Amino acid sequence: MSKQVIEFGGEAVGVVVPDAGRLKFVAVKYHVWDLDSRHFRSADEARAAVRQLMVSQSAPRRVLGSSGMPETYAAA
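The rules behind the values
Residues numbered from 1 in each chain as written. Predicted model: local features only at pLDDT ≥ 70, side-chain atom pairs only at ≥ 80, totals over all residues. Heavy atoms only, no water. Salt bridge = Lys/Arg side-chain N within 4 Å of Asp/Glu carboxyl O. Helix = DSSP H or I, 4+ residues; strand = E, 2+ residues; numbered from the N terminus. Buried < 20%, exposed > 50% of the residue type's maximum accessible area, 1.4 Å probe, protein only. Expected span 1.5 Å × (residues − 1). Arc of directions from axis to C-beta. Contact = heavy atoms within 4.5 Å. Pairing = 2+ DSSP bridges.

**As for the pattern of salt bridges**
As a working rule, side chains carrying opposite charge can pair if their charged atoms are close by.
Argument step 1. Considering all chains together, one arrives at three salt bridges under this definition.
Argument step 2. Among the ionic pairs, Glu 45 bridges to Arg 41, the shortest N-O distance being 2.7 Å.
Argument step 3. For Asp 44, the salt bridge identified is with Arg 47, shortest N-O distance 2.8 Å. Here Asp 44 pairs with Arg 47, and both are found in helix α1 (residues 43–58), just three residues apart, close to one helical turn.
Argument step 4. Overall, the relative accessible area of 56% leaves Asp 44 in the exposed class.

Here it is, written out as structure tokens:
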């Protein structure tokens with residue numbers, strides 16, 4: 001087992017490295033920092049976690065506007 005680069009949308013966002021019989025994710029981009037140091041059973045599992053995180057970050061968020069009515073904003 002050796003290190004593997006994890007990409008999302010053609011961009012390297014992290015690597016997985018062997019650690020205690022599993023793969024430890026090392027984030028190299030800020031937008032996947034929430035996954036840094038998490039352990040996965042496989043590189044595919046890490047890729048799925050990156051994909052899920054990125055999709056959840058891009059979902060529109062509903063917030064209350066100054067009128068008290070909900071407004072939709074894209075996640076930053």
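**Description of α1**
Argument step 1. Under the 1.5 Å per step criterion, the end-to-end length of α1 is 23 Å for 16 residues, consistent within 8% with the ideal 22 Å.
Argument step 2. The complete set of buried residues in α1 reads Ala 43, Ala 46, Ala 49, Val 50, Leu 53 and Met 54. Angular distribution of buried residues about the axis of α1 spans 130°; they occupy a single face of the element. Structural note: α1 exposes Asp 44, Gln 52 and Val 55 on the side pointing more than 90 degrees away from its buried face.
Argument step 3. Residues of α1 that are buried in the fold lie against β1 (4–8), β2 (11–19), β3 (22–27) and β4 (39–40).

**Details of the sheet that holds β1**
Argument step 1. Sheet architecture is open: four strands sit in the order β1-β2-β3-β4, paired in antiparallel fashion. In the strand order of this sheet, the two ends are held by β1 and β4, each with one partner.
Argument step 2. Sheet analysis places β1 next to β2, joined by five bridges and oriented antiparallel. Paired with Gln 4 across the two strands is Val 16, which belongs to β2.

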